[in-house]
Amino acid sequence: MPHVLPPLATRATPAPLPRLPGFDHTLAWLADPYRFIARGCATLGADVFQIRLLMRPTICMSGPLAAELFYDESRFVRAGAAPEPMQATLFGHGGVQTLDGDAHRVRKALLVGLTGADSVQTLVSIVGEEWDRAAAGWAATPQPVTLYREVQPLLARAACRWAGVPLPEADVARRTRQLVALFDEAAAGPIAHLQARWARSRAEAWLTALVEHARAGRTALPPGCAAQAIVAYRDLDGRPLPAHTAAVELLNLLRPVVAVSVWISFVAHALQRFPAWRATLASPDGENLAPAFIDEIRRHYPFFPAIVARVRTDFDWCGLHFPAGRRVLLDVFGTHHDARIWRTPQSFLPERWLRRQPGPYEFLAQGGGDVAGGHRCPGEDLAAQLMRLALGRLLHMRVIVPPQVMALKMSRLPAVPVDGIRLRVLDPG
Ligand code: HEM
């Protein structure tokens, strides 16, 4: 049953947004970031309500109707939307996430062009090589390895090779730490957050220098690579990107490839938790069912809790008033567990994807709506294909799974399994 209030036409004057009791909700949100909005919706009986986050009034919204509204760019903008701690770590300044209108569309075309089908194939084959090299090393050690941590350097190496960013072996550990900190430490407490800020400044300095050296002819980039395309790209005003902005966009490609480690840890978790699915996927029909298994992981498991925007100008919707400038959070995890869209939403059921494909505002793992025209992630196919590669490798690996905590820590962002999936690899397959 929808929670939304009656449409505007049935209300003489718009109502104020329902509010959760309390002065500031930041600590409550941090304690349970994935379920906070859905719980608020249940408490208030509404899909839209207001809280105070980091001392600022913030609208929370959940469900497909809210998502469709959220992706209406005549109503919402991204400039100035992200909270400062998020901008200073996950996004950086001047990147595509913070642009609107034509400036966004032109910049987005660059990133969509760099993540097309050929590019996906190239990255998947590089990751395959790096995985096999790393897996031989895992099998050679008698100790269990932590999968979440082990795949990060291999993804960082692969992302840099793919994007044409030179990464000497001696720098792999340091650059991996920096890329991981941007998505793994930004919300992990004050010290980790400071480390994530520092990591961004170091990573941006590294890539800014690369852009400057490439432009000055001191570093030759492989022709046709993503780094070269970003260095040569001209923005809406016909000018090249400032070197720092080019570095932020390069990070927008490198960081999320390494972040696929989160989903790879969930692939391993799901194979462990749902052994019947392991058997099915290893059967001759398994290849055909892999996409449904991957999509269900992207729905069921927690990665991004919410997506952020800001109200462009005052408007009323369903009898509620949205004031200009107000920050808005769209609930990703809650929408994926909304019983109005997903039957038995708490259950892990890959077969649901064989019956029905969700609409563009029902499945928000990498954003909703349209890729080219909106802010939806351009890396959806990349991420899914890398998960598929990892699934294939994990199915063929002979491992012992030592006793460990398999539970997800739902107060952590991202909520990876507590022990990071420890495996004693006997044969890499
Ligand atoms: C690890 C898996 C990934 C997840 C969970 C993920 C998730 C997301 C989400 C939730 C958004 C925001 C959508 C919005 O603001 O409406 C986004 C945007 C974006 N993603 Fe991904 N993504 C992933 C992988 C990738 C990959 C592999 C790439 C490219 C190599 C990528 C590049 C981007 C870029 C450039 C944006 C900004 C798009 C824009 O603002 O127009 N992502 N992603």
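Residues numbered from 1 in each chain as written. Predicted model: local features only at pLDDT ≥ 70, side-chain atom pairs only at ≥ 80, totals over all residues. Heavy atoms only, no water.

An unreviewed UniProt entry lists the protein under the name Fatty-acid peroxygenase, cytochrome P450 CypC, with Rubrivivax gelatinosus as the source organism. Entered under Cofactor (unreviewed entry) in the UniProt record, the comment concerning the protein runs "heme". (UniProt positions renumbered as here; feature names shortened; annotations may be inferred.)

Concerning the overall build of the protein
When its secondary structure is counted, the protein shows 16 helices and 10 strands. Taking 429 residues into account, the globule formula puts the C-alpha radius of gyration at 22 Å, and the protein, at 22 Å, falls close to it. In terms of overall dimensions, the protein has C-alpha extents of about 70 × 55 × 40 Å along its principal axes. Of all 429 residues assigned to the protein, the portion counted as buried reaches 54%. A separation of at least 24 residues holds for 73% of the contacts in the protein among residues at least 6 apart in sequence. Here the protein contributes 47 positive and 38 negative side-chain charges, whose respective centroids are spaced 4 Å apart. (Helix = DSSP H or I, 4+ residues; strand = E, 2+ residues; numbered from the N terminus. Rg over C-alpha atoms; globule rule 2.2 N^0.38 Å. Buried < 20%, exposed > 50% of the residue type's maximum accessible area, 1.4 Å probe, protein only. Contact = heavy atoms within 4.5 Å. Lys, Arg positive; Asp, Glu negative; His and termini not counted. Charge placed at Lys NZ, Arg CZ, Asp CG, Glu CD.)

Overview of the site of the ligand
Around the ligand sit 27 residues, and of these Y71, R78, H104, H375 and C377 come closest. One of the side-chain N or O atoms of Y71 is found 2.6 Å from an oxygen atom in the ligand. Separating an oxygen atom of the ligand from a side-chain N or O atom of H104 is a distance of 2.7 Å. Elements with a minimum of two residues in the shell around the ligand: α5 (101-113), α11 (243-273) and α16 (380-396). By residue number, the principal contributor to the shell around the ligand is α11, which donates 7 residues. Residues that form the shell around the ligand fall into these classes: 17 nonpolar, 8 polar and 2 charged. (Near = heavy atom within 4 Å. Polar contact = N/O pair within 3.5 Å; in protein donor to acceptor, adjacent residues only side chain to side chain. Nonpolar A, V, L, I, M, F, W, Y, C, P; charged D, E, K, R; others polar.)

Some remarks on the coordination of the iron atom of the ligand
Here the protein supplies the iron atom of the ligand with just one donor, C377 (SG), and that contact is 2.3 Å long. Summarising the element assignment, C377 is placed in the loop between α15 (352-355) and α16. (Donors = N, O, S within 2.8 Å, 3.2 Å for Na, K, Ca; no water.)

So, the pairing of strand β10 (residues 422-427)
With 2 bridges connecting them, strand β4 (residues 145-146) and β10 associate as antiparallel partners. Considered in β10, the bridge of T146 is made with R422. The pairing of strand β9 (residues 398-400) with β10 spans 3 bridges and is antiparallel. Residue pairing for β10: R398 is matched across the bridge by D427. (Pairing = 2+ DSSP bridges.)

Some details on the side chain of D235
Considering the arrangement of structural elements, one finds D235 in the loop between α10 (226-232) and α11. Overall, the relative accessible area of 17% leaves D235 in the buried class. What D235 contacts, discounting residues up to four positions off in sequence, is V106, R107 and L241.

Regarding helix α9 (residues 190-215)
Each turn of an α-helix holds 3.6 residues, which means side chains three or four residues apart point in the same direction. A rise of 1.5 Å per residue sets the reference length of α9, with its 26 residues, at 38 Å; its end C-alpha atoms lie 37 Å apart and thus fit the reference within 8%. Of the residues trailing α9, G217 is marked for its positive phi of about 75°. (Expected span 1.5 Å × (residues − 1).)

Here's the deal with the pairing of strand β8 (residues 327-331)
β8 sits mainly inside the fold: 5 of its 5 residues count as buried. Of the two faces of β8, the one carrying R327, L329 and D331 and the one carrying V328 and L330 are both buried. Pairing analysis gives 4 bridges linking strand β2 (residues 56-61) to β8, with the strands arranged parallel. Bridge assignment links I59 to a residue of β8, and that residue is V328. Bridging between strand β5 (residues 306-311) and β8 involves 5 bridges; their strand directions are antiparallel. The partner of R310 across the bridge, within β8, is R327.

Overview of the UniProt feature "binding site: heme" (unreviewed entry) in the protein
UniProt's entry tags C377 with the feature "binding site: heme" (unreviewed entry), counted in the numbering of this structure. When sequence neighbours within four positions are dropped, the list of residues in contact with C377 reads Q366 and V371.

Notes on the nonpolar core
In terms of nonpolar packing, the biggest core is built from 121 residues, with W131, W138, L147, V165, F293 and I297 touching the most fellow members. Non-local contacts of V165, meaning those with residues more than four positions away in its chain, are made with C160, W206, L207, L210, A227, L250 and L254. Core analysis: the next-biggest nonpolar cluster, separate from the first, contains 23 residues, A67, I307, V311 and L364 among them. (Core = buried A, V, L, I, M, F, W, Y, C linked by side-chain atoms within 4.5 Å.)

A word on the side chain of E204
Its place among the elements puts E204 in helix α9. E204 gets classed as buried once you look at its relative accessible area, which sits at 10%. At a separation of 2.7 Å, a polar atom in the side chain of E204 contacts the side chain of H244. Residues within four places of E204 in sequence aside, it is in contact with G92, H244, A247, V248 and L251.

Re the sheet that holds β5
Strand order in the open sheet formed by 5 strands is β1-β2-β8-β5-β3, and the pairing between neighbours is mixed. The outermost strands of the open sheet, each flanked by one partner alone, are β1 (48-53) and β3 (76-77). As paired strands, β3 and β5 are joined by 2 bridges and run antiparallel to one another. Each residue of the ladder has a partner; that of F76, found in β5, is V311.

Notes on the packing of helix α4 (residues 84-91) against α9
Viewed as axis vectors pointing N to C, α4 and α9 meet at an angle of 50°, and their least axial separation amounts to 8 Å. Between α4 and α9, the crossing angle belongs to the class labelled oblique. α4 and α9 meet at a crossing whose hand is left-handed. Residues E84, P85, Q87, A88, T89, L90 and F91 of α4 pack against H193, A196, R197 and R200 of α9. (Axes fitted to C-alpha atoms, helices over the stretch in contact; angles between N-to-C directions. Parallel < 35°, antiparallel > 145°, perpendicular 65-115°, else oblique. Left-handed = near helix turned anticlockwise from the far one by under 90°.)

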